[in-house]
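A closer look at the structure
Each chain is listed here by its residues.
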Amino acid sequence: MEIPIDNLWSQVLERLQLELSRPTFETWIKTASAERLENNCLVIRTPNPFARNWLQKYYINTIANVVQDILGYPVEIYLTVAQGDSFGSGVEGETWEPPTVHPVAVNVGQRQNKTPELNSKYVFSRFVVGANNRMAHAAALAVAESPGREFNPLFLCGGVGLGKTHLMQAIGNYRWEICPDSKIFYVSTEQFTNDLITAIRNDSMQSFREHYRAADVLLVDDIQFIEGKEYTQEEFFHTFNTLHEAGKQVVIASDRPPNQIPRLQERLSSRFSMGLIADIQTPDLETRMAILLKKAEYENIRLPRDVIEYIAANYTSNIRELEGALIRALAYVSIWGLPMTVESITPVLGTPHQKIETTPDVILSVVADAFNLTVEDLKGNSRRREISWARQIGMYLMRQHTDLSLPRIGEEFGGKDHTTVMYSCEKITQLQETDQSLIQTLRQLSDRINMTSRSQK
Ligand SMILES: Nc1ncnc2c1ncn2[C@@H]1O[C@H](COP(=O)(O)OP(=O)(O)OP(=O)(O)O)[C@@H](O)[C@H]1O
C-alpha cells in the first residue's frame, strides 16, 4: 500500500534534518513540500526557480536516497516551482520539464553509453551579437542555412567561455529544425579520440569510420586537444577529407587559430584554414549588459539597470562567469529576501578580499555538509582520500575567510600541524591554476559560508 504523501514527506524531513546542517535544512529543504507520488516519481514543490535549481544541483541525490530508504524502492525526484514565486517574476505554476536535448545517434563499436547531445538552449535567438562576435555569428548563420557551401570548414576560435560551443551547437539545432532527419554529430576532440581508442581495442575501425563519415554536419569542439595525438590526427584527416569531398559541413572550435596549435600536422592545419576562420573576442560592456538582459528575459526576471551594469563591469573576460555571477546574485537575494540592488549583491559578488565575518565552525560545517562528511571526520586523522581532500579544502577556505594564523587553523582541524595547513593551502592554490571545476566548487562553498554567516548574525 502506498504511504500517504504527508506522512512520507514528514519522514523525509526528519531524516534530512539529521543529515544536513541547520542552515541548509532551513533554507532549502524546509521551504519545499511534497506534492504527489506517482509511478515511482516524487514531485516536490519548491518556492522559487532558484531554490529548485539549487536543490537540483546539490541535494537531489541526498533526497532520492532518503526517499528510497523509506519506501524501499528507488524513485525519481521531480522538482516544480510554486505559483507566484517570491520574485514576482511572473513564472506561474512552472513545472519541471526534462531538458530538451537532441540525442545524436552514436553507435561506435561497443560505445553505447555516452551520447553527445545538443543543448536546446544553444540557439541563434539566444545569442547576443556584438562587435566581438559579429563575423563568427554571421558565418555560423550562413553555414546553418546552407551547409557545405561557402565556409567549409568553419573554424571558430576564441578564449574560454566566449560562445564557441553555443554558436556551433546553434548550427546543429537550426539544421535539426529545418531537417529533422539530418545527421548532426557534435563531438569533443577528446570523445573522438576515445571512440578511436575503443574502436582499435574492439577491432571495429570500420564502424568507427562509417559512423563519422556518415555525418551531414560534423561539429568538433576543442580541437586544440588534438595536438601531438598522431593517430587521432591521421584518422581525423581522413574523416575530414571524406566529408569535405562529399560536400558535408564541418565546423571546428578551438581556443586558438590552427597555426598556433602546437604539434598539429601541416596538412591538417592547412585544411582547417581553407574555409573561414572566424574569431570571437571578449565582449565589450554593452554586449555583456545585453547578454545579462537576454538571460534575465528568458528567466522572466526584471533586473535594475545599475545591477546589470555592476555585474557586467565586474565580469569582463568570460561569459560563462558573467552568467554564473548573475545566477549567484539571484540566488542570494532570493534566499535572504533582499531587494535586487547593487548593495545587496555586493557581498556575494564582491572581490575575494571582501570578507563577511565568519567563524571556523561555520566553515567546518559547510565543508562537511558539502562533502557528505561530519565535522568529526574533518577534525579526525583519517587519511581516506575523500576526507583528506575535504580537509584540505576546508583549511584553504578557513585561511581565505578568517584572519586565523596557520597554527590556529591547525587547531580548528583537531590539532594538525601548521605545516599541514600550509601544504593544503598551497596545494589548493596551485590546483586552481588548471582546474576550473575546483574554482567553481570553492566559489560555491564560499557563497555558502557567506550566506550561512550572514544568517547567523
Ligand atoms: N553572445 C552570447 N550571447 C548569449 N550567451 C552567450 C554568448 N556567448 C556566450 N554565451 C553563453 O556563455 C556560456 C559559455 O559559452 P560557450 O560554452 O559556448 O563558450 P566556449 O567558447 O565554447 O567555451 P570553452 O572554451 O570553455 O569551451 C554559455 O552559457 C553561452 O550560452
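Residues numbered from 1 in each chain as written. Predicted model: local features only at pLDDT ≥ 70, side-chain atom pairs only at ≥ 80, totals over all residues. Heavy atoms only, no water.

Heads up, the rule is: UniProt positions are given in the numbering used here, feature names are shortened, and annotations may be inferred rather than shown by experiment.
The chain goes by Chromosomal replication initiator protein DnaA in an unreviewed UniProt entry, where it is assigned to Richelia sinica FACHB-800. Under the UniProt heading Subunit (unreviewed entry), the note attached to the chain is "Oligomerizes as a right-handed, spiral filament on DNA at oriC." Its UniProt record, at the heading Subcellular location (unreviewed entry), says of the chain: "Cytoplasm".

A few points about the confidence of the model for the chain
As a note on interpretation, predicted positions should not be read in detail where pLDDT is low. For clarity, the cut-off: For every residue, the predictor states its confidence as a pLDDT score lying anywhere from 0 to 100. We call two residues in contact whenever any of their non-hydrogen atoms come within 4.5 Å of each other.
Here the chain averages 85 in pLDDT, and 89% of its residues register 70 or above. Throughout residues 84-115 the model reports pLDDT below 50, and contacts reaching past four residues in sequence, or to other chains, amount to 68 contacts. Per the prediction output, this complex has pTM 0.62; the corresponding ipTM is 0.99.

Brief notes about the side chain of Gln-265
Stated formally: Only runs of H or I of at least four residues qualify as helices and only runs of E of at least two qualify as strands under DSSP, and these elements are numbered from the N terminus. Pairs of N or O atoms within 3.5 Å make up the polar contacts considered here, provided that, within protein, one atom can donate a hydrogen while the other can accept it, and that residues adjacent in sequence are counted only when both atoms are side-chain atoms.
Secondary-structure assignment places Gln-265 in the loop between β9 (249-254) and α9 (266-272). Within the structure, the side chain of Gln-265 is placed 3.0 Å from the side chain of Glu-230, a separation counted as a polar contact. Setting aside residues up to four positions removed in sequence, Gln-265 forms contacts with Glu-230, Gln-233 and Glu-234.

Here's the deal with the site of the ligand
Note the following rule: Any residue with a non-hydrogen atom lying within 4 Å of a molecule or strand is treated as near it. All accessible-area figures derive from a Shrake-Rupley calculation using a 1.4 Å probe, and residue coverage is judged against the displayed protein chains alone. Under this grouping Gly is polar, as are all residues other than the nonpolar Ala, Val, Leu, Ile, Met, Phe, Trp, Tyr, Cys and Pro and the charged Asp, Glu, Lys and Arg.
Around the ligand sit 18 residues in total, of which Val-128, Lys-164, Thr-165, His-166 and Glu-323 are the nearest. A distance of 2.7 Å is found between an oxygen atom of the ligand and a side-chain nitrogen or oxygen belonging to His-166. In isolation the ligand offers 630 Å² of accessible surface; the protein chains occlude 90% of this area. Secondary structure elements with two or more residues in the shell around the ligand: α5 (164-178) and α12 (319-336). Looking at the shell around the ligand residue by residue, the classes come out as seven nonpolar, six polar and five charged.

Concerning the packing of aromatic side chains
What characterises a pair of aromatic rings is the spacing of the ring centres plus the angle enclosed by the ring planes. Rules: Note on aromatic pairs: the rings of Phe, Tyr and Trp (six-membered ring only in Trp) are paired at centre separations within 6.5 Å, and the planes decide the class, stacked below 30 degrees, edge-to-face beyond 60, tilted for the rest. Buried means the residue's accessible area, taken with a 1.4 Å probe over protein chains only, is under 20% of the maximum for its type, while exposed means over 50%, and partly exposed covers the values in between.
Taken as a whole, this structure holds 10 aromatic pairs when the rule is applied. Taken together, a centroid distance of 5.3 Å and an interplanar angle of 65° make the contact between Phe-192 and Phe-208 edge-to-face. Here Phe-192, found in helix α6 (residues 189-201), pairs with Phe-208, found in helix α7 (residues 205-213); they are 16 residues apart in sequence, far enough to count as distant. Grouping residues by exposure puts Phe-192 and Phe-208 together as buried. Aromatic side chains Phe-240 and Phe-272 sit 6.3 Å apart centroid to centroid with 65° between the ring planes, which places their arrangement in the edge-to-face category.

Quick word on the sheet that holds strand β1 (residues 33-38)
Spelled out, the test is: Two strands form a pair only when DSSP identifies at least two bridges running between them. Every angle, taken between N-to-C directions, lies between 0 and 180 degrees, and every axis is a line fitted to C-alpha atoms, over only the stretch in contact when it is a helix.
Ordered in space as β1-β2-β3, the three strands form an open sheet in which the pairing is mixed. In the strand order of this sheet, the two ends are held by β1 and β3 (76-81), each with one partner. Each strand of the sheet is rotated relative to its neighbour by a mean of 25°, with strand direction disregarded. Across six bridges, the pairing between strand β2 (residues 41-46) and β3 is parallel. The residue bridging Thr-46 from the neighbouring strand is Val-81, located in β3. Each of β1 and β2 is contacted by helix α1 (residues 5-19), which is oriented at about 125° to β1, the strand it contacts most. Across the face of the sheet, helix α3 (residues 49-71) comes into contact with β1, β2 and β3 while running at roughly 145° to β3.

Some details on unusual backbone geometry
Of note, the bond from Asn-152 into Pro-153 is cis; its omega dihedral lies within 30 degrees of zero at 5°. Mapping Pro-153 onto the fold places it in the loop between α4 (134-145) and β6 (154-158). Residue Asp-222 is not a glycine yet carries a positive backbone phi of 55°. Among the secondary structure elements, Asp-222 is positioned in the loop between β8 (217-221) and α8 (230-245).

Concerning the pattern of salt bridges
Threshold: Between Lys or Arg on one side and Asp or Glu on the other, a salt bridge is scored when a side-chain nitrogen of the former is within 4 Å of a carboxyl oxygen of the latter.
All told, the structure shown has 14 salt bridges when counted by the stated rule. Residue Arg-408 is joined to Glu-411 by a salt bridge in which the shortest nitrogen-to-oxygen separation is 3.4 Å. With Arg-408 and Glu-411 both in helix α17 (residues 406-412) and three residues apart, the pair spans about one turn of that helix. The class for Glu-411 is exposed, based on a relative accessible area of 51%. Taking the shortest distance from any N to any O, the salt bridge between Arg-408 and Glu-412 comes out at 3.4 Å. On the criterion of helical spacing, the pair formed by Arg-408 and Glu-412 is a turn pair, its members being four residues apart in helix α17. Residue Arg-408 is classed as partly exposed on the basis of its relative accessible area, which comes to 31%.

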